[in-house]
Amino acid sequence: PNAPPAYQPAPPAAPGPDTPLPAEPPVIRERYGLLTSAIDLLAVIPLVAWTFEPADFYLAVPTLLAVPLVHAAKGQSEHAGLSLLGRAAVLGAIYLAADADRDACEGGDLFCYPGRTSLAITALLVPLITIDALFARTEHLDDSWLRLPSLGVSTTAEGGRVLTLGGAF
């Protein structure tokens, strides 16, 4: 009746207060949407001039290439490619709208408002700028983490333990 209880293994002990916990390098999250938005706002100035002088295609180049180059410089090649494709399509639509406005304004009116061009720039370019700004983010591991010294315990061939210190310089 008073038999000893069956053997049960002890529950795992909690780590002591001086036991280091496994760690991972911190992740750095960078958002650069304000940079892309500022570049886009500055690029609109030569873009509007291009709609009046379509032969001067260099005026549209900042709108086409500046923000995709920023994405590429930040290591976001997928965002850069998608941004470049979207911008090329938007510039094509703006060119067609500006061409239609030039044809409509050839009547010699004293004042002719380029309504199609204004609508195309507003309806197509503003969403593109917004989408680019929303996707303008990057994540990477903190490189300085790799330079921290690390402590470890190794076992010798004789079965002894040795404390090791390592690091990258």
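Right, let's walk through the structure included here.

Analysis parameters
- Residues numbered from 1 in each chain as written.
- Predicted model: local features only at pLDDT ≥ 70, side-chain atom pairs only at ≥ 80, totals over all residues.
- Heavy atoms only, no water.
- Helix = DSSP H or I, 4+ residues; strand = E, 2+ residues; numbered from the N terminus.
- Buried < 20%, exposed > 50% of the residue type's maximum accessible area, 1.4 Å probe, protein only.
- Areas by Shrake-Rupley, 256 points an atom, 1.4 Å probe, with all protein chains shown as cover.
- 1 Å grid on protein atoms, 1.4 Å probe; cavity = no way out; pocket = protein on both sides within 12 Å on 5 of 7 lines; lining within 4 Å.
- Points joined across faces, edges and corners; volume = space filled by probe spheres on them.
- Nonpolar A, V, L, I, M, F, W, Y, C, P; charged D, E, K, R; others polar.
- Salt bridge = Lys/Arg side-chain N within 4 Å of Asp/Glu carboxyl O.
- Pairing = 2+ DSSP bridges.

So, the overall build of the chain
Piece 1. The helix and strand inventory of the chain stands at four helices and four strands.
Piece 2. Sequence-ordered secondary structure for the chain, helices as α and strands as β, is β-α-α-α-α-β-β-β.
Piece 3. Burial analysis of the chain (169 residues in total) assigns 22% to the buried set.
Piece 4. Roughly 12200 Å² of accessible area belongs to the chain as shown, and the carbon and sulfur atoms make up 66% of that amount.

Brief notes about the layout of surface pockets
Piece 1. There is about 190 Å³ of room inside the largest pocket.
Piece 2. Around the largest pocket, the lining is made up of 13 residues, and of these Thr51, Phe52, Asp101, Arg102 and Pro114 lie nearest the centre.
Piece 3. Taken together, the elements giving at least two residues each to the lining of the largest pocket come down to helix H1 (33-52), helix H3 (77-104) and helix H4 (115-134).
Piece 4. Looking at the lining of the largest pocket residue by residue, the class counts come to eight nonpolar, three polar and two charged.
Piece 5. Estimated volume of the second largest pocket: approximately 160 Å³.
Piece 6. Secondary structure elements with two or more residues in the lining of the second largest pocket: H3 and H4.

Some words on the pattern of salt bridges
Piece 1. Scanning the model with the defined rule gives six salt bridges in all.
Piece 2. Salt-bridge contacts for aspartate 132 lead to arginine 87; the nearest nitrogen and oxygen are separated by 2.7 Å. One end of the pair, aspartate 132, is in helix H4; the other, arginine 87, is in helix H3, with 45 residues separating them in the sequence. For the pair aspartate 132 and arginine 87, a shared accessibility class is recorded, and that class is buried.
Piece 3. Notably, a salt bridge pairs aspartate 99 with arginine 102, separated by 3.5 Å at the nearest N-O pair. Of the two residues, aspartate 99 and arginine 102 are both situated in helix H3; the distance of three residues between them amounts to about one turn of the helix.
Piece 4. A relative accessible area of 23% places arginine 102 in the partly exposed class.
Piece 5. Among the ionic contacts, a cluster of salt bridges with common partners joins Asp40, Arg87 and Asp132.

A short note on the pairing of strand S4 (residues 161-166)
If a strand is regular, its side chains alternate between the two faces of the sheet.
Piece 1. With zero of its six residues buried, S4 lies for the most part at the surface.
Piece 2. One ladder, built from six bridges, connects strand S3 (residues 150-155) with S4; its direction is antiparallel. Directly across from serine 154, in S4, lies its bridge partner valine 162.

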